[in-house]
Amino acid sequence: MIHELLVLAVLAATPPVFPESFCAELPKATPELRDWVAQLDPNLGDGALHVLPEDTALELFQRASDAGWGSVQFLTGDAFREPCTVYLSQDVLRSVDDRFELDLVTRVQGQDQHGRDFAMIAMLAGNGRLLAVYDRDAIVYRNEKEERDFQLASRIALATPAHGRLENIDGLCAEVTLLGCIDIDSLVKKGDVIHVTAGPFTTESEVTPIEPRNAQSARR
């Protein structure tokens, strides 16, 4: 009983990952950025568009780490269902990826099967949608944790209808022997497991909490 009360007290004292009025407090996008985003997706360019600064992004991911969240939980946070779209630049994404182990199937940066570098050059999140933009198309890379090759399109669109759910995924597939690249339809967190659905197949992957990279190195 005492232990449970202590846990509740710690949780109560932990600040929320996303503050109230999260999107409205961010800097507004420049007209040039709005035009670029509108070329990617006219629907995103029409609404409220705000920019996530690097220091704010690092603080949010640190809060998510402190809360024990994984990347799917962070990217499907309620703040990203507000009537507003948040823009993360390539520099911000790289800074976050350099600081934290994110365990994303949609890698921020890495090398493909031929040893060529690839990078996510932008991410847009809001209105229950995510859009990941890469520097080129048809990127095939090896995910060591999943022991599988994945292919990334130049644009990957995902819906985030609820916390812990990535659905209606377009632009991401997994290589399956003899069957080719099977489109991934959804990633859904259930307890400590992520259920990955690709065509007729469903696999499970343990949730890996977001952690500072130096913390992971210290445990090895």
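Here the structure is a predicted model, which is why all the values come from computation and not from measurement.

Reading the values: rules and limits
- Residues numbered from 1 in each chain as written.
- Predicted model: local features only at pLDDT ≥ 70, side-chain atom pairs only at ≥ 80, totals over all residues.
- Heavy atoms only, no water.
- Helix = DSSP H or I, 4+ residues; strand = E, 2+ residues; numbered from the N terminus.
- Buried < 20%, exposed > 50% of the residue type's maximum accessible area, 1.4 Å probe, protein only.
- Contact = heavy atoms within 4.5 Å.
- Areas by Shrake-Rupley, 256 points an atom, 1.4 Å probe, with all protein chains shown as cover.
- Phe/Tyr/Trp six-rings, centres within 6.5 Å; stacked < 30°, edge-to-face > 60°.
- 1 Å grid on protein atoms, 1.4 Å probe; cavity = no way out; pocket = protein on both sides within 12 Å on 5 of 7 lines; lining within 4 Å.
- Points joined across faces, edges and corners; volume = space filled by probe spheres on them.
- Pairing = 2+ DSSP bridges.
- Expected span 1.5 Å × (residues − 1).
- Nonpolar A, V, L, I, M, F, W, Y, C, P; charged D, E, K, R; others polar.

Caption draft 1: Highlighting the overall build of the chain. From N to C terminus, the chain includes seven helices and 13 strands. Relative to its 220 residues, the chain shows a buried fraction of 45%. Counting only contacts in the chain whose residues sit at least 6 apart along the sequence, the fraction spanning at least 24 positions is 55%. Carbon and sulfur atoms make up 50% of the accessible area of the chain, which totals about 11,800 Å².

Caption draft 2: Layout of the packing of aromatic side chains. A full pass over the atoms with the stated rule returns twelve aromatic pairs. A network of ring pairs unites the aromatic residues Phe18, Phe22, Phe61, Trp69, Phe74, Phe80 and Phe100 as a single cluster.

Caption draft 3: Structural view of empty space enclosed by the protein. Evaluated as defined, the whole model comprises one cavity of 30 Å³ or more. Considering the residues around the largest cavity, the lining is formed by Phe61, Ser71, Phe74, Leu75, Leu88, Leu93, Val96, Leu102, Leu104, Val108, Met120 and Met123. Elements that contribute at least two residues to the lining of the largest cavity include exactly helix H5 (71-75), helix H6 (90-99) and strand S5 (117-126). In terms of residues, the lining of the largest cavity owes the most to one element, H5, which gives three residues.

Caption draft 4: Molecular detail of the pairing of S5. With eight of its ten residues buried, S5 lies for the most part within the structure. Across five bridges, the pairing between strand S2 (residues 85-89) and S5 is antiparallel. Bridging across to S5, Leu88 finds its partner in Met123. Pairing geometry for strand S4 (residues 109-111) and S5, over three bridges, is antiparallel.

Caption draft 5: Up close: helix H4 (residues 54-66). The end-to-end C-alpha separation of H4 is 18 Å, in line with the 18 Å expected for 13 residues at 1.5 Å each. Buried within H4 are the following residues: Ala57, Leu58, Leu60, Phe61, Arg63, Ala64 and Ser65. Taken from the residues just after H4, Gly68 is the one with a positive phi, measuring 80°.

Caption draft 6: Seen up close, the layout of surface pockets. Taken as a whole, the largest pocket encloses approximately 580 Å³ of empty space. Along the walls of the largest pocket sit 37 residues, with Val105, Glu146, Phe150, Leu187 and Val196 positioned nearest its centre. Elements that contribute at least two residues to the lining of the largest pocket include exactly H5, strand S6 (129-134), strand S8 (148-162), strand S9 (165-176), strand S10 (180-190), strand S11 (193-198) and strand S12 (201-206). At six residues, the largest contribution of residues to the lining of the largest pocket is made by S12. Split by residue class, the lining of the largest pocket holds 22 nonpolar, eight polar and seven charged.

Bear in mind that shape data such as this cannot, by itself, settle questions of function.
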